[in-house]
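Take a look at the letters that make up each chain.
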Amino acid sequence: PGMRDMLMNVITAICEETAWQLPANNFYIAGTPPLQWPDPERAVIDLPAAQTGGLLACCHHALANVLAPSLRARMMYEVERRLIAPYVEEHFWWMAAKNQPACAWTAQGTIEVLLCAFAMPFSYEVRRKVLRRAVYSLEYFLDLYTENGQPNKAVDDEYHGLLSFFGCLSILSFTAA
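It should be emphasised that the depicted structure is a prediction, and the values quoted were computed from it without experimental measurement.

S.K.: Before we move on, can you summarise the packing of helix α3 (residues 69-89) against helix α4 (residues 104-119) with the specific residues and values?
M.R.: Between α3 and α4, the shortest axis-to-axis distance is 10 Å and the interhelical angle comes to 120°. In this view, α3 runs oblique relative to α4, as classed from their interaxial angle. Both α3 and α4 take part in a crossing whose hand is left-handed. Listed contacts from α4 to Val-79, Leu-83, Ile-84 and Tyr-87 of α3 are Thr-110, Val-113, Cys-116 and Ala-117. Here the residues of the contact of α3 with α4 sort into 7 nonpolar, 1 polar and no charged.

Written as structure tokens, this is what we have:
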């Protein structure tokens, strides 16, 4: 098979996976043991799942003229089902909240979901919902740092988190333009 066919086969295989999260992260509430099996009807968003969606979004955008329309539709369906809908409807521990501190994953997961929402042709309403949740999480991420940019405490994977935060700002500034 040619390169196009191999690429489409890999993308199809990713879409066919039961779940995108790692088994160790297969939980909905922080501190609870992982579930033995993933629930294909209720996705868990961890960093690897978010990164998988981001990869598909980039492929969808960059290879629009190469991929079959039916595969592009499948990619949209899977990203919406596994990332976009759970992101706007549920709260995952890494998204941070008033009594739930942020971490590097807060920015890293957020940039992947923003990438999905804006690199793929989702509706204005979907994008607005993702933006609202993203800004909420990123405000808590900023609480990890002082006014002069120093961490308030040790932040795991600090550099990737900061890089992702600035990537989020870039996407947000693009959407505001």
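Read on for the rest.
S.K.: Requested: an account of the packing of α3 against helix α5 (residues 124-142), with residues and values cited.
M.R.: In the contact formed by α3 and α5, the axes pass within 9 Å of each other and the chain directions differ by 60°. When the axis of α3 is compared with that of α5, the two are oblique. Seen from above, α3 lies across α5 with left-handed handedness. In this structure, α3 uses Ile-84, Tyr-87, Val-88 and Glu-89 to contact α5, whose residues at the interface are Val-126, Lys-129, Val-130, Arg-133, Ala-134 and Ser-137. Classifying every residue of the contact of α3 with α5 by side-chain character gives 6 nonpolar, 1 polar and 3 charged.

S.K.: So what's going on with α5? Residues and values would help.
M.R.: Taking 1.5 Å of rise per residue, the 19 residues of α5 would be expected to cover 27 Å, and the 26 Å separating its terminal C-alpha atoms lies within 8% of that figure. The set of residues buried in α5 consists of Val-130, Arg-133, Ala-134, Ser-137, Leu-138 and Phe-141. Projected down its long axis, α5 carries its buried residues within an arc of 135°, all on one side. When the buried face of α5 is taken as reference, the exposed residues oriented beyond 90 degrees from it are Tyr-124, Arg-132 and Glu-139.

What counts as what
- Residues numbered from 1 in each chain as written.
- Predicted model: local features only at pLDDT ≥ 70, side-chain atom pairs only at ≥ 80, totals over all residues.
- Heavy atoms only, no water.
- Axes fitted to C-alpha atoms, helices over the stretch in contact; angles between N-to-C directions.
- Helix = DSSP H or I, 4+ residues; strand = E, 2+ residues; numbered from the N terminus.
- Parallel < 35°, antiparallel > 145°, perpendicular 65-115°, else oblique.
- Left-handed = near helix turned anticlockwise from the far one by under 90°.
- Contact = heavy atoms within 4.5 Å.
- Nonpolar A, V, L, I, M, F, W, Y, C, P; charged D, E, K, R; others polar.
- Expected span 1.5 Å × (residues − 1).
- Buried < 20%, exposed > 50% of the residue type's maximum accessible area, 1.4 Å probe, protein only.
- Arc of directions from axis to C-beta.

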